[in-house]
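Understanding the architecture of this molecule
Chain residues, written in single-letter form:
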Amino acid sequence: MHIQEYAALDRCNTLGLPTKARYLIQARCLEDVREALAFARTKQLPLIPLGGGSNVVFSGDLDAVVLRMAIAGKSVVSTLGEHTIVESGAGENWHDLVRWTLSQKAYGLENLSLIPGTVGAAPIQNIGAYGVELKDVFHSLQAVDCQTGGVVCFNRDDCGFDYRQSIFKGSCRDCYVIISLRLKLNRRLTPRLDYADLRDKVEKKALNRELSAELISDVVCDVRREKLPDPGMLANVGSFFKNPEVSASTVQQLKARYPDLVAFPAGERWKLAAGWLIDKAGLKGVREGAVGTHKQQALVLVNHGGATGQDVLCFSEAIKARVHARFGVLLEREPRVY
Ligand code: FAD
Ligand code: NAP
């Protein structure tokens, strides 16, 4: 096991924040995870699993053992009736997995194309985009219990999946290191085109090309590239806040004041578009020092270069305060802060 001391993590987080880990270890197999846990215990330090670093904010140096997840491998486990079960190591790149499943004629992940990060992090916040969430195709996962070192299997009902949430981000946070994921995909394509932006572009493209999962995936990639900053060019962690869920009466009151309010039914409650709230509060494309909101999607905070984690957190608190003062709605941060 190779252990790096005082390792720079600047390139291991997509916000490009300057951070050092007291220890950094790569996990390529189950034994590496167990050894890293034992090492962290002897050093009396917490262990932080890290994938692509696209949903974390480092507020300073980490007095911890950072475990970079690199367990590889993907395979078709079985093809039974309507479904294909696939398995992937937690260190695989998420988008590569999406494209590989399509090449296996296994469908269901096309709307989740081009989400940065690793497979192992996908269950943490039940990743979602364009009306599809990981939980829709989730079969099971394997994780190492950080206390015992034993391998535990979680089925869908065990994971407490919710809107950008799971037990791994909630009641069981810091308790497990996810090592592999199984997905139950469909052998027949059922396009999910509820989002107007996506539907329009898919319909246009399908005039010249047969509608296929690859076509939907290509369009999702095009739309995302047009609208969202590429972290390689402009550092960011995607949406900085979750879309807040509010009551029907709150929506009514807000609609009376703001007829163009963007709100969608979410069960018995309503989901407000956080990006719209920030934009309407006059904060789209603004900049304070090295931190700002993106000019095309106000929900994305960007590091123009040289920002620290503290700069990002201060700026995000100012946004929260402004939105709350204007709409009476409290925004909740999406990425995890360390
Ligand atoms: P990291 O940032 O490395 O880790 C995130 C959290 O998960 C940390 O708390 C970490 O400790 C934990 N973790 C990571 N791996 C493991 C593991 N193996 N075991 C246990 N815990 C682990 N998210 C969406 O849901 N939908 C989107 O459409 C979307 N679009 C994005 C677009 C951009 C441009 C960016 C920058 C981000 C976007 N995100 C989106 C957020 C992010 O990509 C996802 O949350 C992704 O799943 C994070 O993966 P990661 O490997 O980078 O996780
Ligand atoms: P968008 O399509 O402009 O939509 C704006 C907001 O309205 C989104 O937050 C979306 O909610 C909601 N919405 C739009 N159409 C909807 C419908 N038919 N039903 C229910 N809700 C609807 O958003 P965008 O910024 O370009 O992002 C596109 C997709 O990628 C979204 O699903 C978004 O969540 C996802 N994304 C996520 C991240 C992240 O870091 N978490 C970053 C970039 C993009 P939802 O967010 O609930 O889908």
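Up top is the structure these notes are about.
Residues numbered from 1 in each chain as written. Chains lettered and ligands numbered in written order. Predicted model: local features only at pLDDT ≥ 70, side-chain atom pairs only at ≥ 80, totals over all residues. Heavy atoms only, no water.

**As for the site of ligand 1**
To be explicit about the condition: Any residue with a heavy atom positioned within 4 Å of a molecule or strand is treated as near that molecule or strand. We define a polar contact as two N or O atoms separated by no more than 3.5 Å, with the added condition that, inside protein, one atom must be a possible hydrogen donor and the other a possible acceptor, whereas residues neighbouring each other in sequence contribute only through side-chain atom pairs. Where accessible areas are quoted, they stem from the Shrake-Rupley method and a 1.4 Å probe; at the residue level, only the protein chains shown are allowed to cover. Only Asp, Glu, Lys and Arg are considered charged, only Ala, Val, Leu, Ile, Met, Phe, Trp, Tyr, Cys and Pro nonpolar, and every remaining residue, Gly among them, polar.
The environment of ligand 1 is made up of 32 residues, and the closest members are Pro 49, Ser 54, Thr 118, Arg 224 and Tyr 338. Within the backbone of Pro 49, an N or O atom sits 2.6 Å from an oxygen atom of ligand 1. At a separation of 2.8 Å, an oxygen atom of ligand 1 approaches a polar backbone atom of Gly 52. About the coverage of ligand 1: the protein hides 93% of its 980 Å² of free accessible area. Across the shell around ligand 1, the residue classes break down as 17 nonpolar, 12 polar and three charged.

**Concerning the site of ligand 2**
So the rule is basically this: Numbering goes from the N terminus for both helices and strands, where a helix is a DSSP run of H or I of at least four residues and a strand is a run of E of at least two.
With respect to spatial proximity, 19 residues lie near ligand 2, and among them Tyr 163, Tyr 195, Lys 227, Lys 271 and Gln 297 are the closest. The separation between an oxygen atom of ligand 2 and a polar side-chain atom of Lys 271 is 2.7 Å. Between ligand 2 and Gln 297, the relevant distance is 2.6 Å, taken from an oxygen atom to a side-chain nitrogen or oxygen of the residue. In the complex, the protein chains occlude 81% of the 800 Å² of accessible area that ligand 2 would expose alone. Elements with a minimum of two residues in the shell around ligand 2: strand S8 (128–129), helix H4 (213–227) and strand S13 (235–239). The leading source of residues in the shell around ligand 2 is S13, at three residues. Of the residues belonging to the shell around ligand 2, the class tally is eight nonpolar, five polar and six charged.

**Some words on the packing of aromatic side chains**
Inclusion rule: Each aromatic pair joins two rings of Phe, Tyr and Trp (for Trp, the six-membered one) with centres within 6.5 Å, and gets the label stacked for planes under 30 degrees apart, edge-to-face for over 60, and tilted for any other angle.
If you walk through the whole model with that rule in mind, you get 11 aromatic pairs. Seen from their ring centres, Phe 138 and Phe 161 are 4.9 Å apart, and the 75° between their planes marks the pair as edge-to-face. Within this pair, whereas Phe 138 is found in strand S10 (residues 138–145), its partner Phe 161 is found in the loop between strand S11 (151–155) and strand S12 (176–186), the two being separated by 23 residues in sequence. When the centroid spacing of 6.3 Å and the interplanar angle of 85° are considered together, the rings of Phe 168 and Tyr 176 count as edge-to-face.

**As for the environment of Gln 296**
Cut-off, in case you're wondering: Each residue's exposure class comes from its accessible area (1.4 Å probe, protein chains only) as a fraction of the maximum for that residue type: buried when under 20%, exposed when over 50%, partly exposed otherwise. The contact criterion used is simple: two residues touch if any of their non-hydrogen atoms lie within 4.5 Å.
Structurally, the position occupied by Gln 296 is in the loop between strand S18 (291–293) and strand S19 (300–303). Under the relative-accessibility criterion, Gln 296 is labelled partly exposed at 37%. Along the primary structure Gln 296 and Tyr 258 are separated by 38 residues, whereas in three dimensions their C-alpha atoms are 21 Å apart. Not counting the four nearest positions on each side in its chain, Gln 296 is found in contact with Glu 226, Lys 227 and Lys 284. From its side chain, Gln 296 meets the backbone oxygen of Glu 226 in a polar contact 2.7 Å long.

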